[in-house]
Amino acid sequence: MTKPRDPRVTALRRFAISITVLNILGYTVLGFEQPALWPVYAVLTAYAAELLLEAVGARGEGRAPRYAGGVRNLIEFLFPAHITALAVNMLLYTNDRVLVMLFGVLVAISGKWLLRAPVNGRLRHFMNPSNFGIAIVLLLFPWVSIAPPYHFTENLSGLADWAIVAVILVLGTMLNTKLTRRMWLIAGWLSIFVVQSVVRGLVLDTSIAAALATMTGTAFVLFTNYMITDPGTTPSRPAAQFAFGGGVALVYGVLTGASVTYGLFFATAIVCLVRGVYLWSLHASRGEQRRREQERPAPPAAPGTPATAGPVSADNGKRPVPA
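Residues numbered from 1 in each chain as written. Predicted model: local features only at pLDDT ≥ 70, side-chain atom pairs only at ≥ 80, totals over all residues. Heavy atoms only, no water.

Colleague: Outline the overall build of the protein chain, listing residues and values.
Modeller: Of the regular secondary structure elements, the protein chain holds 11 helices and 4 strands. Here the protein chain has a C-alpha radius of gyration of 25 Å; the compact-globule value for 323 residues is 20 Å, and the former is much larger. Judged by the C-alpha coordinates and their principal axes, the protein chain covers about 90 × 55 × 40 Å. Evaluated residue by residue, the protein chain yields a buried proportion of 41% over its 323 residues. Pairs at least 24 residues apart make up 72% of the contacts formed inside the protein chain by residues separated by at least 6 positions. (Helix = DSSP H or I, 4+ residues; strand = E, 2+ residues; numbered from the N terminus. Rg over C-alpha atoms; globule rule 2.2 N^0.38 Å. Buried < 20%, exposed > 50% of the residue type's maximum accessible area, 1.4 Å probe, protein only. Contact = heavy atoms within 4.5 Å.)

Spelled out as structure tokens, the structure:
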């Protein structure tokens, strides 16, 4: 019997193919600013870090590494590292300081091992990897910026400007509808983004049209369809998805209203961190509830009622009958 395909692996494979094609087009057609060899450096660094940390983790937990078992397992294991590396290089602009970009890649990969929370009985990372690496670099190196939005369409003009956004939007929507199933998250993100744009316009006298125009850019469309919807670090239930996406938009509005730049990345990092704290609090609360239930004394049985619980006698194999 053929083993059914894991939709998460399918989504990761299509994410990896999409971002690879985008990078190839970026350096040959669109006008990416970073040197052409930097994506190669980023990917190789991410592969090495992911494999090393998995080997150490598997040894510590007494299990086989997840990349073992053949070439297919190895390739599928490296999909997340591949996506993270290309995203960090594509979205950060570190001038000619390649080591700073590689530092961001290492932070993104190592964050998956250092920042984990219990989900359904397993420890899973809760910080969006590429977003986390970018946010940390922006915090530690104030002279670093996000890649200029024009580099996605620098060499295009006319209808081609709109075509690249339309293609990314259609492919991303199909991916998030059929595989990641994060459309409720996108709905929360976009609807609250509109609300916070209007509120900032009414309260802070920001241009509402300019705030809403942010949503038409290639970078915003990429962020909406390929970063904030990371299935590994976002909730699954529709209401929780909506709250997560809306929370990012709300925090973005607060940060932008306070004149904090790069609000998309800092807002996502803050909401991911809040979710991680919530998951640990939920785990602690459930553990305390189980401990109290175990310590609660069993109610006494009614006279004449045969025992149906409690320890079995070692002499006759029967439970004692209450007097």
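Colleague: Go over a nonpolar patch on the surface with me, naming the residues and quoting the values.
Modeller: Together, Val195, Val199, Leu202, Val203 and Leu204 make up a nonpolar patch on the protein surface, roughly 490 Å² of accessible area in all. Summarising the element assignment, Val199 is placed in helix H7 (residues 183-204). Overall, the relative accessible area of 43% leaves Val199 in the partly exposed class. (Patch = residues over 30% accessible without salt bridge, like charges linked within 9 Å, V, L, I, M, F, W, Y side chains within 5 Å. Areas by Shrake-Rupley, 256 points an atom, 1.4 Å probe, with all protein chains shown as cover. Salt bridge = Lys/Arg side-chain N within 4 Å of Asp/Glu carboxyl O.)

Colleague: Break down helix H3 (residues 71-91) for me, with residues and values.
Modeller: An ideal rise of 1.5 Å per residue puts 30 Å on 21 residues; H3 measures up with 30 Å between its terminal C-alpha atoms. At Phe79, H3 shows its maximal kink, close to 40°; a proline, Pro80, follows between one and four residues later. Along H3, 15 of the 21 residues are buried, which leaves the element largely enclosed by surrounding structure. (Expected span 1.5 Å × (residues − 1). Bend = angle between axes of the 7 residues up to and from the residue.)

Colleague: Would you mind going over the pattern of salt bridges in detail, with residue names and values included?
Modeller: Under the counting rule described, the total for this entry stands at 9 salt bridges. Across the salt bridge formed by Glu288 and Arg291, the nearest N and O atoms sit 2.5 Å from each other. Here Glu288 pairs with Arg291, and both are found in helix H11 (residues 263-295), just 3 residues apart, close to one helical turn. For Glu288, a relative accessible area of 30% corresponds to the partly exposed category. Salt bridges here are not isolated pairs; linked through shared partners, they connect Glu54, Glu61, Arg63 and Arg66.

Colleague: Let's hear about the packing of helix H2 (residues 38-61) against helix H4 (residues 98-114): which residues, and what values?
Modeller: Contact geometry for H2 and H4: axes closest at 9 Å, N-to-C directions at 30°. Accordingly, the angle class assigned to the pair H2 and H4 is roughly parallel. The two elements H2 and H4 cross, and the hand of that crossing is right-handed. Residues Trp38, Tyr41, Ala42, Thr45, Ala46, Ala49, Glu50, Leu53, Glu54 and Gly57 of H2 pack against Val98, Met101, Leu102, Val105, Leu106, Ile109, Ser110, Lys112 and Trp113 of H4. Broken down by class, the residue content of the contact of H2 with H4 amounts to 13 nonpolar, 3 polar and 3 charged. (Axes fitted to C-alpha atoms, helices over the stretch in contact; angles between N-to-C directions. Parallel < 35°, antiparallel > 145°, perpendicular 65-115°, else oblique. Left-handed = near helix turned anticlockwise from the far one by under 90°. Nonpolar A, V, L, I, M, F, W, Y, C, P; charged D, E, K, R; others polar.)

Colleague: How would you sum up the environment of Ala249? Please name residues and give values.
Modeller: Mapping Ala249 onto the fold places it in helix H10 (residues 238-257). A residue is classified by how much of its surface remains accessible, and Ala249, at 0% relative accessible area, is buried. Considering only alpha carbons, one finds Ala249 and Arg66, 183 residues apart in sequence, at a separation of 35 Å.

Colleague: Residue-level account of the side chain of His151, with values.
Modeller: Mapped onto the elements of the fold, His151 is located in the loop between strand E4 (145-146) and helix H6 (159-178). When near neighbours in sequence (up to four residues on either side) are disregarded, His151 contacts Leu30, Gly31, Phe32, Glu33, Gln34 and Met90.

Colleague: I'd love a proper account of the packing of aromatic side chains, names of residues and values included.
Modeller: Tallied over the entire structure, the rule returns 12 aromatic pairs. Summarising the aromatic geometry, the rings of Trp189 and Phe220 are spaced 5.4 Å apart at their centres and angled 20° between planes, so their arrangement reads as stacked. Taken together, the residues span a long stretch of sequence, with Trp189 in helix H7 and Phe220 in helix H9 (residues 218-227) at a distance of 31 residues. Both residues of the pair, Trp189 and Phe220, count as buried. Of the aromatic side chains, those joined through ring pairs into one cluster are Trp189, Phe193, Phe220, Phe223, Tyr252 and Phe265. The ring of Trp143 has Arg97 sitting right over it, with the charged end atom 5.3 Å from the ring centre. Across the ring face of Trp113, the terminal group of Arg116 is positioned such that the distance to the ring centre comes to 4.5 Å. (Phe/Tyr/Trp six-rings, centres within 6.5 Å; stacked < 30°, edge-to-face > 60°. Lys NZ or Arg CZ within 6 Å of the ring centre and 35° of its normal.)

Colleague: With reference to specific residues and values, describe the environment of Tyr41.
Modeller: Assignment of secondary structure puts Tyr41 in helix H2. Distance from Tyr41 to Val105, taken between C-alpha atoms, is 10.0 Å for residues 64 residues apart in sequence.

Colleague: Any chance you could break down the nonpolar core for me, citing the residues and the numbers?
Modeller: Counting 62 residues, the largest nonpolar core has Met90, Leu92, Val105, Ile134 and Trp189 as its most contacted members. Take this core: its biggest share by element is 8 residues, from H11. The residues touching Val105, leaving out its near neighbours within four places in the chain, are Ala42, Thr45, Ala46, Ala85 and Val88. Formed by 8 residues, the second largest nonpolar core is a distinct cluster that contains Ala11, Leu12, Phe15 and Leu175. (Core = buried A, V, L, I, M, F, W, Y, C linked by side-chain atoms within 4.5 Å.)

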